[in-house]
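# Geometric and topological summary
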Amino acid sequence: MHPILKLVVQRVALSLLLLLAASVMIFVGTQILPGDVAQSILGQAATPESLANLRAELGLNDPPVTRYFDWLFGVLQGDLGTALTNGRDIGESLGKRLGNTLFLAFWAAVVSVPLAIFLGLLAVRYQNRWPDKLISGVTLTSISIPEFLIGYVVMYFISVKLGWFSSVAMINESMSLGQKLNAIALPVFVLTLVVLAHMMRMTRAAILNVMQSAYIETAELKGLSMFTIIRKHAFPNAIAPIINVVMINLAYLVVGVVVVEVVFVYPGMGQYLVDHVSKRDVPVVQASGLIFAAVYIGLNLIADLVSILANPRLRHPK
Amino acid sequence: MSNELKQLATKAAKGLVSRRDFLGRAGALGITAVGANAMLASAAKAAGPNKGGHLVQGIGGGESSNSLDPALTASSVPFGNLKHFGDLLVQIRPDGVLEPRLAESVEATSDAKTWTFKIRKGVEFHNGKTMTPDDVLKTMQRHSNEDATSGALGIMKGIESMKVDGDNFSVTLTTPNADLPYLMSDYHLVVQPGGGMDSPADGVGTGPYILETDEPGVRSLWKKNPNYWEGDIGNYDSSEILVINDATARTAALQSGQVHMINRVDPKVAGLIDRAPGVSIKSVAGRGHYVFIMHTNTAPFDSNELRMALKMVINREEMVNKILRGYGTVGNDLPINASYPLFDETIPQRKMDAAKAAEHYKKSGHDGSPIILRVADGAFPGAVDAAALFQESARAAGIPLEIKREPNDGYWSEVWNKQPFCASYWGGRPVQDQMYSTAYLSTADWNDTRFNNPRFDELLFSAKAELDDAKRKALYSEMANILRDTGGLICPMFNDFVDAVSDKIAGYEPDPNNELVNGFAMTRTWLA
């Protein structure tokens, strides 16, 4: 078997094991939390009778281990079950939310990744001169401000004062792509500001590191222009660390944007998960957790593979 | 009032003159802003509602775990949804009077034990079926039978039997209750086809709007019911609720014109929003109250002297000013205020008195160990700050209060009704009897102060059976005094419902029953 293929198979198998472990941890975590779903649904209006009735109806009287394995067998057959709180099919509601989250993450990535890399290259080209300092200054400032604050500031000036874009980024199926993009303009802008600095700084550092090498000096002596050197010689050799940090940020765009979702009222996965955690709706929490874990593990797998493929020494091991 | 101004008000109501212009001119003629606004409202009413358009409400208090099942409704967004698609047998008008809805009339036997509701004919469900008394019976059964999970189960408890007799639906109680029709106005008790036994969460009812789309925790979309039994009362062709839980996002959505009205404006920013162009704050005193509750059967709170010390030391005015920013009224250690029918306004207002508090504290013989007060931000907005104010004023009287912060998560299941002294919130009930029976009767499920006073219980039962209002008022007054002087409830304040509304909306008149015109914005307001 080709060593790379073998590696992929190994990593995928390991990932599945990791997912199983994650699902156990999520389940145990939700059991440790105080209160149960019946109490959360009925809230202050709970009486001992209605609590007992609801618990029986939701099957909460079974031992936890039984409930976990029931859930696991369901998932293995592709059935995520129904939400305890509102009886809706989890696969269907989750699918919609996941679609929205990926939509937002996709467009944020489309804007931020090329921009970050371009700004990183630009910063290297004008290292320690004013463009470098300006880029670093602005991006580091934006990553240092909490994202909800950036959200509110952007909302106040762009939406309330100027009236350019909607502060409510609610999208639904009946909207055209243009309308959807218009609706998510502000969250994409905020997310871009949040993830830009990390990727841009990494690009800058990785390329500067390579720039110290002897072959760059050779290229310089050959008389190549600065940009050509960076593009043809430095960048391909710096790609592995850059891809790594890009993947971490992509994962963040999928699993970590709940604050931005709340501020812009975006119907994504984050809010969906938080609502169900606070209601102790274990099957939904499990399903969401599983997806988040899968995204994280999947993107890291891709990062590893790309760094191997980008490096001839790893591609052709002796 | 000059004729010119009247004409102007009519013009403003019809949108021919802007509201701001009208207020400006009224001011020039020496009329106060309050008076001018009232004029505008009455002129708007006289001009009659405009029809058509699309209403968008931005409401905080909805989760993706919500359902359209009326039995499981507990927060603002599902409540707003219920009002779109459902109707009750009876409902409380803004002035506190009971209005017959799906019941044409209500009658009681002289002992107030059997109540008969004459069910309206010719009412159609959204699925085309005609509503029958049997649907009513099944609905009530679903909310009251043994395996019910309804939030209304508590109030349905005293029912002995229910039956259908021709066009009538009748309820027989185990003990008399003069307020039963008020209990039937509980928002959970929406009449559903077949009682909603088969598909409780399908959003089919008899209401003025029909469900188009429901995305829990995101939005719901409704279109006007062309066959509504009461005629053309929906003022908008379609109505939409957007779930916006973040307070700042809600305000921004209103200010940028994406929603027409929002609920739960933070009192801290209400003044600022009211001064912003294009929007105004609408607040109304309700029955909801922020409280600190002590278990009267647990040391050290089993000593009435200590309870009195804590009641005397809390600074109610300061709390209304600092926690509610004036959007509320002071409490009197009662769960009842002037919003309730038959309230005795002569009960003296309790005021802070550190010297007296210190005296009570001394008499209680408390050993001086810290008294632990548990709070969380989720208990009520500003609960932690209110506790800090409480602690400060207690310190002045030498009472050692210690604040223990609890997580919001699980507060209602782990702290409230379990720990002997904590912060809490009550939404209030339509009538005194229901409030007292829910939380102050010694055997009540939610007796969160562990209040046990035989005389109080006895008065409560005699008031239930009393159909003469003057006598009932006297009974309630005695009960209020007992509770105020011996109970475990410290009630510093009643909060207002604070909404904010765009100038594009006319006809908005706050309803003390609940926020956003008691959920009836689509039938009681219109596009100006």
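Residues numbered from 1 in each chain as written. Chains lettered and ligands numbered in written order. Predicted model: local features only at pLDDT ≥ 70, side-chain atom pairs only at ≥ 80, totals over all residues. Heavy atoms only, no water.

### Some words on the overall build of chain B
Put simply, the rule is: Segments assigned H or I by DSSP are reported as helices when at least four residues long, segments assigned E as strands when at least two residues long, and all are numbered from the N terminus. Each residue is assigned to one of three classes by its accessible area relative to the maximum for its type, calculated with a 1.4 Å probe on protein chains only: buried under 20%, partly exposed between the two thresholds, exposed over 50%. Any two residues having at least one pair of non-hydrogen atoms within 4.5 Å are treated as being in contact. Residue-level accessible areas treat just the shown protein chains as cover; the underlying method is Shrake-Rupley with a 1.4 Å probe. Residues scored as charged are limited to Lys and Arg (positive) and Asp and Glu (negative), so that His and the chain ends carry no count. In this description, the location of a charge corresponds to atom NZ of lysine, CZ of arginine, CG of aspartate or CD of glutamate.
When helices and strands are counted, chain B shows 18 helices and 19 strands. Structurally, chain B occupies a C-alpha span of about 70 × 60 × 45 Å along its principal axes. Here chain B holds 528 residues, and the buried ones make up 58% of them. For chain B, the share of sequence-separated contacts (at least 6 apart) that also reach a separation of at least 24 residues comes to 70%. On chain B, roughly 20100 Å² of surface is accessible, and the fraction owed to carbon and sulfur atoms is 50%. Computing the positive centroid from 54 side-chain charges and the negative centroid from 65, chain B places the two 5 Å apart.

### Let's talk about the overall build of chain A
On a plain count of helices and strands, chain A comes out with 15 helices and 0 strands. Each principal axis of the C-alpha distribution contributes one length, and for chain A these read about 85 × 60 × 35 Å. When the 318 residues of chain A are sorted by exposure, 45% land in the buried category. In chain A, the share of contacts with a sequence separation of at least 24, taken over all contacts with a separation of at least 6, comes to 73%. Carbon and sulfur atoms provide 68% of the accessible area of chain A, an area that totals close to 15600 Å².

### A closer look at the domain arrangement of chain B
Residue and element names in this part refer to chain B. Inclusion rule: Each domain's extent was defined by an automatic or database domain assignment. Defined here as a combined quantity, buried area equals the accessible surface (1.4 Å probe) lost by two parts on assembly, summed across both. The rule for a salt bridge is simple: a side-chain nitrogen of Lys or Arg has to be within 4 Å of a carboxyl oxygen of Asp or Glu. Identification of polar contacts relies on pairs of N or O atoms within 3.5 Å, with a donor-acceptor requirement for protein atoms, meaning one able to donate a hydrogen and the other able to accept it, and with residues adjacent in sequence counted only if both atoms are side-chain atoms. Just so you know the grouping, Ala, Val, Leu, Ile, Met, Phe, Trp, Tyr, Cys and Pro go in nonpolar, Asp, Glu, Lys and Arg go in charged, and all remaining residues, Gly too, go in polar.
What the domain assignment reports for chain B is domain 1 (2-47), domain 2 (54-64 + 207-278 + 499-527), domain 3 (88-196) and domain 4 (289-495). For the pair domain 2 and domain 3, the two sides together bury roughly 970 Å², of which 51% comes from carbon and sulfur. Remark: the boundary between domain 2 and domain 3 carries 1 salt bridge. Put simply, domain 2 and domain 3 have 5 residue pairs in polar contact (both at pLDDT 80 or more) between them. Residue composition of the side of domain 2 that touches domain 3, by class: 7 nonpolar, 5 polar and 3 charged.

### Comments concerning the packing of helix α5 (residues 90-125) of chain A against helix α14 (residues 282-310) of chain A
Residue and element names in this part refer to chain A. In plain terms, the rule: Here the axes come from fitting lines to C-alpha atoms, over the contacting stretch only for helices, and the angles between their N-to-C directions go from 0 to 180 degrees. Note on terminology: angles under 35 degrees are roughly parallel, angles over 145 are roughly antiparallel, angles of 65 to 115 are roughly perpendicular, and the others are oblique. For a crossing to be left-handed, the near helix must be turned anticlockwise from the far one by less than a right angle; the clockwise case is right-handed.
Between α5 and α14, the shortest axis-to-axis distance is 11 Å and the interhelical angle comes to 40 degrees. By the criterion of interaxial angle, the relationship of α5 to α14 is oblique. As for the relative orientation of α5 and α14, their crossing is right-handed in sense. Touching Ile90, Leu94 and Leu98 of α5 are Pro283, Val284, Ala287, Ser288 and Ile291, all from α14.

### Some details on the packing of aromatic side chains
The geometry of an aromatic ring pair is captured by two quantities: the separation of the ring centres and the angle between the planes. Residue and element names in this part refer to chain B. For clarity, the cut-off: Here a Phe, Tyr or Trp ring, Trp counted by its six-membered ring, pairs with any other such ring whose centre lies within 6.5 Å, and the pair is stacked when the planes are under 30 degrees apart, edge-to-face when over 60, and tilted otherwise.
One pass over the structure, following the stated rule, counts 22 aromatic pairs over all chains. Between phenylalanine 390 and phenylalanine 421, the ring centres sit 6.5 Å apart and the planes meet at 85 degrees, which makes this aromatic pair edge-to-face. Pair noted here: phenylalanine 390 is in helix α12 (residues 383-396) and phenylalanine 421 is in strand β16 (residues 421-426), with a separation of 31 residues, a long-range link. In terms of burial, phenylalanine 390 and phenylalanine 421 fall into one category: buried. An aromatic cluster of three or more residues is present, and its members are Tyr290, Phe292, Phe301, Phe380, Phe390, Phe421 and Tyr425.

### Things to note about the nonpolar core
Threshold: In this text, buried Ala, Val, Leu, Ile, Met, Phe, Trp, Tyr and Cys residues form a nonpolar core when linked through side-chain atoms within 4.5 Å.
In this structure, Ile207 and Phe264 of chain A together with Ile244, Val259, Val265 and Ile281 of chain B are the most contacted members of the largest nonpolar core, which totals 80 residues. In terms of residue count, the dominant contributor to this core is helix α9 (residues 185-211) of chain A (14 residues). Of all hydrophobic cores here, the second largest spans 70 residues; its members include Val384, Ile399, Ala423 and Phe494 of chain B.

### A word on the sheet that holds strand β6 (residues 159-165) of chain B
Residue and element names in this part refer to chain B. The condition that has to hold: Two strands are counted as paired when DSSP detects at least two bridges linking them.
Taken together, 4 strands build an open sheet; the order of strands is β4-β5-β7-β6 and the sheet is antiparallel. Strands at the two margins of the open sheet, each flanked by one partner only, are β4 (103-108) and β6. Ignoring strand direction, the axes of neighbouring strands in this sheet form an average angle of 15 degrees. Sheet strands in contact with helix α5 (residues 133-144) are β5 (114-119), β6 and β7 (168-173), and its direction is about 165 degrees off that of β6.

### Re the interface of chain A and chain B
The partner chain B presents 44 residues to the 41 residues of chain A that form the contact. For the pair chain A and chain B, the summed buried area comes to about 3400 Å², and 55% of that belongs to carbon and sulfur atoms. Where chain A meets chain B, there are 6 residue pairs in polar contact (both at pLDDT 80 or more). In terms of residue class, the side of chain A that touches chain B is made up of 18 nonpolar, 15 polar and 8 charged.

### A look at the pairing of β6 of chain B
All names here are of chain B. Here β6 runs beside β7; their pairing, made up of 6 bridges, is antiparallel. Along β7, the bridge assignment pairs lysine 163 with serine 170. Taking the residues between adjacent antiparallel strands as the criterion, β6 and β7 are bridged by 2 residues, where glycine 166 takes a positive phi near 65 degrees.

### Structural notes on the side chain of threonine 206 of chain B
All names here are of chain B. With respect to the helices and strands, the residue threonine 206 is situated in the loop between α6 (180-183) and β8 (209-215). Within the structure, the side chain of threonine 206 is placed 3.1 Å from the side chain of aspartate 87, a separation counted as a polar contact. Apart from residues no more than four positions distant in its own chain, threonine 206 is found in contact with Phe85, Gly86, Asp87, Leu102, Val123, Glu124, Phe125, His126, Met131, Asn225, Tyr228 and Trp229.

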